[in-house]
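Coordinate inspection notes
Listed below, chain by chain, are the residues.
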Amino acid sequence: MKTLTPREIMDELNRFIIGQSKAKKAVSIALRNRWRRQMVPKELRDEIAPKNIIMIGPTGVGKTEIARRLAKLASAPFLKIEATKFTEVGYVGRDVESMIRDLTELSVNMVKKEEQERVNEKAKVLAEERILDLLMPRRSRAAAANEDEAQEDISREKIRTRFRTGKFDETFVDLEVPDRALPIIEIFSSAGMEEMDMQIRDMFGNMLPKKTKKRKVKVKEAYEILIQEESKKLIDADKVTKDAIERVEQSGIIFLDELDKIASRDRTHGPDVSREGVQRDILPIVEGTTVTTKYGMVKTDHILFIAAGAFHMSKPSDLIPELQGRFPIRVELDALTKDDFYRIITEPENALIKQYRALLATEDIELDFNNDAIEEITDIAQKVNELTENIGARRLYTVMEKLLDDISFTAPDMKEHSITITKEYVRDKLGEFLQKDDLSRYIL
């Protein structure tokens, strides 16, 4: 895991997310605590439980974006998943334990990729030798005895030099590749069995003899295929699995979105299987249990859970008490103001205005925005949010798309290569929508 300090994590999040300092501070501390726990003596390490977080705030204020950016910062297995995908065991939907299986799969792929990069140079050397064998097959010993071996080595080195300079890139060679054709097996089953068809395929794949087939490929493509093959031979699969499971158990992070959708709002009619049932199933995963995956048993005791939800129809206290107790840190995200909109549209590295400029630059059009035009855009976005559903910063997408739809449509045929968006243009394009009674028909 990268040893970023909480301040460095905060600075990194600030590059893409405006405001929400309380939420960013909470996740920065949580991420740093992952590293701190690894530094603690082993006997105490197992006693330190992760401090799970609930982020509470309306839609479009940055909850999911914080999670996405955190995923890139944490060189640890990270899974973002919606709580609404799950259902109580016995009903149609995904098994809650599948989130741990998905996280383990991600971790295995992550470790495998790291190992491939580590052995990449060695794999390239071995792949190059196999390419040279394809371009210049080695003679048998009997034939080679009658000729000068030194001469053959010189010829091989010449071919090696030509290969490295790309002279053979377009040459076709016959390459033996694994035949991945396996029997097609479909399993129609209830929740919790969605992995069965993959496991049966793996089982058949291991039992059946490895088949190969000949393909005619260009040398450049063959070289890449052979690098992958040699990398797999150099990697210890058991070590990859062991490291991946350890990484999940010690530093895995799961972002559980839409938690409010499984909060039961009405307790007068008994438990609701679609809500309380899911909460009861999620509880042991968050508390700490052992989940069976195709790579082995995975303990969930030290996985960090960050949950998020709008909680506009329900509140965190509507969750079952046991689950509430497993999320000790509550962070409220602020609703966005007009000033926040202005900063969101201009400041971050992925700001909307920068995105549209880059998109239209591909058509040789330089797009410029006057300062008062940007203020007018944010003002309209804020008003539309007040008059209709408040969808936060996502409103800027709908407003910007409507504003620039004519320019985007005619861009390939335009003669001028520079366009300036003024306040008058914004009012001309978007002003009429503020006069309409039913805005939802015009800007959704």
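Residues numbered from 1 in each chain as written. Predicted model: local features only at pLDDT ≥ 70, side-chain atom pairs only at ≥ 80, totals over all residues. Heavy atoms only, no water.

1. Observations regarding the overall build of the protein
Counting its secondary structure elements, the protein contains 19 helices and 11 strands. Each of the 444 residues in the protein was classed as buried or not, and the buried ones make up 41%. Partitioning the intrachain contacts of the protein with sequence separation of at least 6 by distance along the chain shows that 77% fall at a separation of at least 24. Accessible surface, the protein as shown: approximately 24900 Å² in total, 51% of it carbon and sulfur. (Helix = DSSP H or I, 4+ residues; strand = E, 2+ residues; numbered from the N terminus. Buried < 20%, exposed > 50% of the residue type's maximum accessible area, 1.4 Å probe, protein only. Contact = heavy atoms within 4.5 Å. Areas by Shrake-Rupley, 256 points an atom, 1.4 Å probe, with all protein chains shown as cover.)

2. Quick word on the layout of surface pockets
To find the voids left in a structure, one rolls a probe of water-molecule size over its atoms. Of the pockets and cavities examined, the second largest pocket occupies roughly 740 Å³. Looking at the second largest pocket, it is lined by 32 residues, and the ones nearest its centre are Gly60, Val61, Gly62, Ala393 and Arg394. When contributions to the lining of the second largest pocket are tallied by element, the ones reaching two or more residues are α4 (63–73), α15 (352–361) and α17 (394–403). Top element by residues in the lining of the second largest pocket is α4. It accounts for five residues. Grouping the constituent residues of the lining of the second largest pocket by class yields 14 nonpolar, nine polar and nine charged. (1 Å grid on protein atoms, 1.4 Å probe; cavity = no way out; pocket = protein on both sides within 12 Å on 5 of 7 lines; lining within 4 Å. Points joined across faces, edges and corners; volume = space filled by probe spheres on them. Nonpolar A, V, L, I, M, F, W, Y, C, P; charged D, E, K, R; others polar.)

3. Here we look at the pairing of strand β1 (residues 53–56)
On β1, burial covers both faces: Ile53 and Met55 on one face and Ile54 and Ile56 on the other are all buried. Pairing of β1 with strand β9 (residues 329–332) involves four bridges; the strand directions are parallel. The residue of β9 that forms the bridge with Met55 is Val331. (Pairing = 2+ DSSP bridges.)

4. Examining the packing of helix α5 (residues 98–118) against helix α11 (residues 237–251)
Between α5 and α11, the shortest axis-to-axis distance is 8 Å and the interhelical angle comes to 125°. Classified by the angle between their axes, α5 and α11 sit oblique to one another. Where α5 crosses over α11, the handedness of that crossing is right-handed. Residues Leu103, Thr104, Ser107, Val108, Met110, Val111, Lys112, Glu114 and Glu115 of α5 lie in contact with α11, whose contacting residues are Lys239, Val240, Asp243, Ala244, Ile245, Arg247 and Val248. Of the residues assigned to the contact of α5 with α11, the class counts are eight nonpolar, two polar and six charged. (Axes fitted to C-alpha atoms, helices over the stretch in contact; angles between N-to-C directions. Parallel < 35°, antiparallel > 145°, perpendicular 65-115°, else oblique. Left-handed = near helix turned anticlockwise from the far one by under 90°.)

5. Some points on the sheet that holds strand β8 (residues 304–309)
Read across the open sheet, the five strands follow the order β2-β5-β8-β1-β9; overall the sheet is parallel. Each edge of the sheet is formed by a strand with only one pairing partner; in this case those strands are β2 (78–82) and β9. Direction aside, the axes of adjacent strands within the sheet are offset by 15° on average. Taken together, the four bridges between strand β5 (residues 253–257) and β8 define a ladder with parallel strand orientation. Looking across to β8, one finds that Ile254 is bridged to Phe305.

6. Here we look at α15
Within α15, the full set of buried residues consists of Leu352, Ile353, Tyr356 and Leu360. On an axial view of α15, the arc spanned by its buried residues comes to 100°, and they lie on one face. Residues of α15 that are buried make contact with α14 (338–346), β10 (366–369), α16 (371–387), α17 and α18 (405–410). (Arc of directions from axis to C-beta.)

7. A closer look at the side chain of Ser28
Along the chain, the position of Ser28 falls in helix α2 (residues 21–39). When its relative accessible area of 1% is taken as the criterion, Ser28 is described as buried. Sequence-distant contacts of Ser28, that is, excluding residues within four places in its chain, are made with Pro6, Ile9, Met10 and Leu13.

8. Description of the environment of Gln116
Relative to the assigned elements, Gln116 resides in helix α5. Between the C-alpha atom of Gln116 and that of Ile235, which follows or precedes it by 119 residues, the distance is 7.2 Å. Look past the residues within four positions of Gln116 in its chain and what remains in contact with it is Gln228, Ser231 and Ile235.

9. Some thoughts on the pattern of salt bridges
Inspection of every chain in the model, using the stated rule, returns 33 salt bridges. A salt bridge links Arg160 to Glu157; its shortest N-O distance comes to 3.2 Å. With Arg160 and Glu157 both in helix α8 (residues 149–164), this residue pair falls three residues apart, about one helical turn. In this structure Arg160 comes out as buried when scored by relative accessible area, which is 10%. Here Lys338 and Asp379 are joined by a salt bridge, their closest N and O atoms 3.9 Å apart. Remark: Asp379 occurs in helix α16 and Lys338 occurs in helix α14; sequence separation between them is 41 residues. You can call Lys338 partly exposed: its relative accessible area is 35%. Salt bridges sharing partners connect three or more residues here, namely Glu128, Glu129, Asp133, Arg156, Glu157, Arg160 and Arg164. (Salt bridge = Lys/Arg side-chain N within 4 Å of Asp/Glu carboxyl O.)

10. Remarks on the confidence of the model for the protein
Residues of the protein with pLDDT of at least 70 account for 83%, and the chain-wide mean is 83. The low-confidence segment residues 188–192, where pLDDT is below 50, has seven contacts with residues more than four positions distant or belonging to other chains. (pLDDT = per-residue confidence, 0-100.)

11. Topic: the packing of aromatic side chains
For the coordinates displayed, the defined rule picks out one aromatic pair. Each ring, one from Phe163 and one from Tyr223, has its centre 5.2 Å from the other, and the planes form 80°; the classification is edge-to-face. In this pair, Phe163 is assigned in helix α8 and Tyr223 in helix α10 (residues 219–234), connecting sequence segments 60 residues apart. With relative accessibility at 8%, the residue Phe163 sits in the buried group. Residue classification places Tyr223 among the buried positions, given a relative accessible area of 16%. (Phe/Tyr/Trp six-rings, centres within 6.5 Å; stacked < 30°, edge-to-face > 60°.)

12. With respect to the nonpolar core
Judged by nonpolar contacts, the single largest core of 56 residues is most densely connected at Met55, Ile306, Phe369, Met400, Leu403, Leu404 and Ile421. Top element by residues in this core is α16. It accounts for six residues. (Core = buried A, V, L, I, M, F, W, Y, C linked by side-chain atoms within 4.5 Å.)

13. Examining α2
Within an α-helix, residues lying three or four positions from one another point in the same direction, as the helix has 3.6 residues per turn. Between the first and last C-alpha of α2 there are 27 Å, a value that for 19 residues agrees with the 27 Å anticipated at 1.5 Å per step. All buried positions along α2 are accounted for by Ala23, Lys24, Ala26, Val27, Ser28, Ala30, Leu31, Arg32, Arg34 and Arg37. (Expected span 1.5 Å × (residues − 1).)

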